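Architecture at a glance
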Amino acid sequence: MPRAFTPKVVTANHLLEGDVIYQTPTGWTRDLAQAEVLEDEAHADLRLLEATQQRDVVVGAYLAEVEPTDAGPRPTHFREAFRMRGPSNYSHGKQAEL
Amino acid sequence: MYHYNDFDTAFLAERNAQFRAQVARRIDGSLTEDEFKPLRLMNGLYLQLHAYMLRVAIPYGTLNGAQMRKLAEIAERWDKGYGHFTTRQNIQYNWPKLQDVPDILDALAEVGLHAIQTSGNTIRNVTADHFAGAAADEVEDPRPVAELLRQWSTDHPEFQFLPRKFKIAVSGSPVDRAVTKAHDIGLRMVRNDAGEPGFEVIVGGGLGRTPMIGKVIAPFLPKADLLPYVEAIVSVYNLLGRRDNKYKARIKITVHENGIERIRALVEDRFTAIKAQFAGFDQKLLSKLEASFAPPAFKTGNTKGYEAARLTNPAFASWSDTNLSAHKADGYAIVSISLKAHGATPGDATADQMRVMADLAETYAHDELRISHEQNVILPHVHKSDLPAIYAKLREAGLATANIGLVSDIIACPGMDYCALATARSIPIAQEIAERFDELKLEHDIGPLKIKISGCINACGHHHVGHIGILGLDRAGVENYQITLGGDGSEDAAIGERAGPGFSADEIIPAIERLVLGYLDLRDSADETFLQAYRRLGAAPFKAVLYPEQAKQDAA
Ligand code: SF4
C-alpha cells in the first residue's frame, strides 16, 4: 500500500542571500511558521513546480515534511530543524535574525 | 615563497571577470541554476544549508602576512567576522552573498589567492606537509614541486572533466604529515641508495564511502621524472576511470578493480610516450621555483631567554612542550598555533585572530604562515629567543591553547551545522569532547591521541584515519555516531575498524570518555600511546570498555 501523504511545505534557498525560505500562498517567507502547509499530494506537486519555475528568486526547491501545530508548521526531521534555526556553534542564521 | 608573475595575475583577472559576468546573468535570470551550478563550483562557490559557502584555496597551505590579513578583511567585510580552515588546507567562508562573491574574488586576487579548482572533477588544491621547508626531518622542501603541480594542473585542458575529483598531497619528509596514503596521488620524498632525492609515488588512496590506503606504484621516482609521471597517472585514470557510477569513479576504485600491476604497466607506457614532450621545460621551471622557495636568512643568537622563560612560566613551558616541533635550523622552532581552544569550533579563526597571526608572522617568523590539514596554523620559522613574546601575544588573542596532538586537538568537518551533504553534526561533538577532557585535566597524561570527526560518509573530517574516528549518521531521523578505532594517517597509515553499534548524541561523549579512561588502565606505561596500546592489544579490550553491558553478557 502506498504510504499516506504527510503534510509538507515547499522550501528552498534564496538566490541572492542563499538562506532558507519557505513558500506562502502569495510568495516566500523566512519564517517557517508563516509557510503554506500542503496536505494534498497533487496540490503539493503543483506548488513545488511553481516554485521551481521562479528561477531568478529561489534555488533548489523541494518538499519538506512538517507537523502542523497551533503555532504553525514545525519540522519533523532534525535537518529541517537546523535549517530553520541556524548552526549550533554560533548564534548566526535564522535564530539571530527572527 | 612563490609570488605570482604577470601570467598568473592576468589569468586570475580574466577568470574573475568571466565569473562576474556569469553571476550577473544568474541574478537576472538568464542562466538557470542547472547552468550556473557547474560555473560557480569551478570558482569554489557552494550552496550550503544556510547560505552560500566560498572555498578559497591556500596552495600547499602556505600564506604570507599580507594574504592572511586579506583573509581577515574578507571575513569582516563580506562574512560574519571569521573563517573556517579545513582539512584540505583551504579556508571556507560560510556566509557570503551571491552578489558579493565577484568582489571577494577580486580582493583575493590582490594578494594572489583564488578559489579555482576547489571543487568539481578536476585536480584540486595540492596539499603539502605543513612543516614544509622547516622540518628537521625533511629531505627537501616539497613546495616547489607542489607549485609546479599547481601551475601544471590549473586549467589543464586534458583534466577539466576527470571521472571524479582528484587530490594530490606532497610530503618532503619520510615522516608523513600530509596523509599521502589517503590521496589519489601521494608523493613522499625519500632518498635512494645513492643519496639522491626522489619520490615514493602512492596511488589510489582515499577515504569516503570506500576507504582505501594508497598503493605504491613507484618506490623511487627520480625528481626529474615527476611531472610526466604524474601526468601519465592522471591520463590513464582519465580514460580508465568509471564514469557510469559516481561512487566508483575515484582512482582508488580504478586501481582496486584493475590491480596495481596493470595500472603500473599502463602508466609506464604512457610515461614513456609523453616524457620527451616535457623536453626539460618542467625542470627549468622547477629550478626557478626552487629559487623562490629558498629558505629565509635564519638568524643566529642565543636562546637563554627562552630557557629562562620555561623555568619561570609553567604555562609557557607546557605550551612549548606541546606546540613546538623540531626545526632544521639551529636555535629555531616550528610553532603550531592551536585553533582548538576547548569548546571552540575546530579550525575557526576570527578576523582579529587572523590579524594577530599575520603580525606575528611578519614580525618574528620571516613572513611565513602555514595551514595544517589538522586545522591549525603554523609559524614555520621562529627563533627560540622570540618565543616568549609570541606566546604572550597568542595568549592575549585566545590562541595559546597547549594541546597540539592531544585529545582536544580534534579535526571536525563542518557537519550538519553548515554542510548540505551532512547526515549529522560534528562541531558540537568536538566542542563537548574537548570541554569534557579539559574538565578532567587529563589531556597531558593521556598524551598523543588523534580524534577525527566527520558529519557524513564523505569523510572530510578524516575519521577513518583517526586513532579514534567518529562518523555522524542519520539513523531513522536521529543523529547517531559510529566509532572507529586504530586508524592512522601517518606513513604507517591504517583505516580504523568499526567498534560496534553507534551512539546517540547524548551517549557519544561518555562513550569517548570510557574509551580514553579505559586506555589509561590498559597501557603498559605512560609512554605507550593510545595507538600503540591498540596495536598491541587489539580491539577486544577497547570494545569491552565501550560496551560494558555487552561485555557483562559475554562474560555471563
Ligand atoms: S564529511 Fe560530509 S558533512 Fe562533513 S564536510 Fe564532508 S560532506 Fe560535509
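Keep in mind it's a predicted model, so treat the numbers as computed, not measured.

Quick look at the overall build of chain B
Regarding its fold elements, chain B presents 19 helices and 21 strands. In summary, chain B has a C-alpha radius of gyration of 23 Å against a globular reference of 24 Å for 556 residues, a match within 12%. On the principal axes, the C-alpha backbone points of chain B span a range of 65 × 60 × 60 Å. Within chain B, contacts between residues separated by at least 24 positions form 67% of all contacts whose residues are at least 6 apart in sequence. When the accessible surface of chain B is totalled, it reaches about 20,600 Å², and 53% of it is carbon and sulfur.

Describing the overall build of chain A
The helix and strand tally for chain A stands at three helices and five strands. Tracing chain A from N to C terminus, the helices and strands come up as β-β-β-α-β-β-α-α. Expected size for 98 residues packed as a compact globule is a radius of gyration near 13 Å; at 13 Å, chain A falls within 12% of this value. Classification of the 98 residues of chain A by burial places 44% in the buried group. Contacts spanning at least 24 positions in sequence make up 54% of the contacts within chain A whose residues lie at least 6 apart. Of the roughly 5,100 Å² that chain A leaves accessible, carbon and sulfur atoms contribute 52%. Computing the positive centroid from 10 side-chain charges and the negative centroid from 15, chain A places the two 6 Å apart.

Here we look at the nonpolar core
Residues and elements named next belong to chain B. Within the largest apolar cluster, 62 residues are counted, with the highest numbers of intra-cluster contacts made by Met68, Leu71 and Leu379. The element that contributes the greatest number of residues to this core is helix α12 (residues 351-364), accounting for seven residues. The residue makeup of this core includes at least three contributed by each of domain 1 (6-109) and domain 3 (309-396). Sequence-distant contacts of Met68, that is, excluding residues within four places in its chain, are made with Leu63, Phe85, Met354, Met357, Ala358, Leu369, Ile371 and Val377. Ile123, Tyr237, Ile251 and Ile274 belong to the second-largest nonpolar core, a separate cluster that totals 45 residues.

A closer look at the pairing of strand β4 (residues 58-69) of chain A
Residue and element names in this part refer to chain A. Sheet topology places strand β1 (residues 8-14) next to β4; six bridges connect them, and they run antiparallel. Counterpart to Lys8 in the pairing with β4 is Glu65. As defined by bridge partners, β4 adjoins strand β5 (residues 72-75) across four bridges and the pair is classed as antiparallel. Counterpart to Glu67 in the pairing with β5 is Arg74. Here β4 folds back onto β5, and the loop between the two strands holds two residues.

Remarks on the domain arrangement of chain B
It is common to give the size of an interface as the accessible area that goes away when the parts come together. Residue and element names in this part refer to chain B. Along its sequence, chain B is organised into domain 1 (6-109), domain 2 (134-292), domain 3 (309-396) and domain 4 (411-555). For domain 1 versus domain 4, the separation of C-alpha centres amounts to 34 Å. Each side of the interface is counted separately: domain 1 has 10 residues, and domain 4 has 10 residues. Buried area between domain 1 and domain 4, both sides added, is near 750 Å², and the carbon and sulfur share of it is 59%. Ranking the residues of domain 1 by area buried against domain 4 places Gln48, Leu49 and Thr87 at the top, with a combined share of 57%. Linking domain 1 to domain 4 there are five residue pairs in polar contact (both at pLDDT 80 or more). Across the side of domain 1 that touches domain 4, the residue classes break down as four nonpolar, six polar and no charged.

Focus on the environment of Gln117(B)
All names here are of chain B. Looking at the secondary structure, you find Gln117 in the loop between α4 (101-110) and β6 (127-128). For the pair formed by Gln117 and Lys80, sequence separation is 37 residues and the distance between their alpha carbons is 24 Å. Sequence-distant contacts of Gln117, defined by excluding residues within four places in its chain, comprise Met42, Thr122, Ile123, Arg124, Asn125, Ser153, Thr154, Asp155 and Gln160. Polar side-chain contacts of Gln117 include one of 3.3 Å to the backbone oxygen of Ser153. A polar side-chain atom of Gln117 sits 2.8 Å from the main-chain amide nitrogen of Asp155.

Describing the pairing of β1(A)
Each regular strand displays side chains that alternate between the two surfaces of the sheet. Residues and elements named next belong to chain A. Across the seven residues of β1, seven count as buried, placing the element largely inside the fold. Alignment of β1 against strand β2 (residues 20-23), held across three bridges, turns out to be antiparallel. Pairing of Ala12 across the sheet is with Ile21, part of β2. Connecting β1 to the antiparallel partner β2 that follows it, the hairpin turn spans five residues, and Gly18 within it adopts a positive phi of roughly 80 degrees.

Things to note about the packing of aromatic side chains
Applying the stated criterion across every chain yields a total of 18 aromatic pairs over all chains. Measuring from centroid to centroid gives 6.0 Å for Tyr306(B) and Phe316(B), while their planes differ by 80 degrees, and the two rings are edge-to-face. Within this pair, whereas Tyr306(B) is found in helix α10 (residues 304-312), its partner Phe316(B) is found in helix α11 (residues 314-323), the two being separated by 10 residues in sequence. Each member of the pair, Tyr306(B) as well as Phe316(B), is classed as buried. Linked through ring pairs, Tyr306(B), Phe316(B), Trp319(B) and Tyr391(B) together constitute an aromatic cluster. Between the NZ or CZ atom of Lys8(A) and the centre of the ring of Phe5(A), over which it lies, the distance is 4.3 Å. Positioned above the aromatic ring of Trp95(B), the side-chain terminus of Lys80(B) is 5.0 Å from the ring centre.

Examining unusual backbone geometry
Residues and elements named next belong to chain B. Phi is positive for Asp155, close to 60 degrees, though the residue is something other than glycine. With respect to the helices, strands and loops of the structure, Asp155 is situated in the loop between α5 (143-153) and β7 (168-171). Although it is not a glycine, Gln375 sits at a positive phi angle of roughly 70 degrees. Tracing the backbone shows Gln375 in the loop between β14 (369-371) and β15 (377-383). For Gln375, a relative accessible area of 1% translates into the label buried.

Conventions used here
- Residues numbered from 1 in each chain as written.
- Chains lettered and ligands numbered in written order.
- Predicted model: local features only at pLDDT ≥ 70, side-chain atom pairs only at ≥ 80, totals over all residues.
- Heavy atoms only, no water.
- Helix = DSSP H or I, 4+ residues; strand = E, 2+ residues; numbered from the N terminus.
- Rg over C-alpha atoms; globule rule 2.2 N^0.38 Å.
- Contact = heavy atoms within 4.5 Å.
- Areas by Shrake-Rupley, 256 points an atom, 1.4 Å probe, with all protein chains shown as cover.
- Buried < 20%, exposed > 50% of the residue type's maximum accessible area, 1.4 Å probe, protein only.
- Lys, Arg positive; Asp, Glu negative; His and termini not counted.
- Charge placed at Lys NZ, Arg CZ, Asp CG, Glu CD.
- Core = buried A, V, L, I, M, F, W, Y, C linked by side-chain atoms within 4.5 Å.
- Domains from an automatic or database assignment.
- Pairing = 2+ DSSP bridges.
- Buried area = accessible area lost by both parts, 1.4 Å probe.
- Polar contact = N/O pair within 3.5 Å; in protein donor to acceptor, adjacent residues only side chain to side chain.
- Nonpolar A, V, L, I, M, F, W, Y, C, P; charged D, E, K, R; others polar.
- Phe/Tyr/Trp six-rings, centres within 6.5 Å; stacked < 30°, edge-to-face > 60°.
- Lys NZ or Arg CZ within 6 Å of the ring centre and 35° of its normal.

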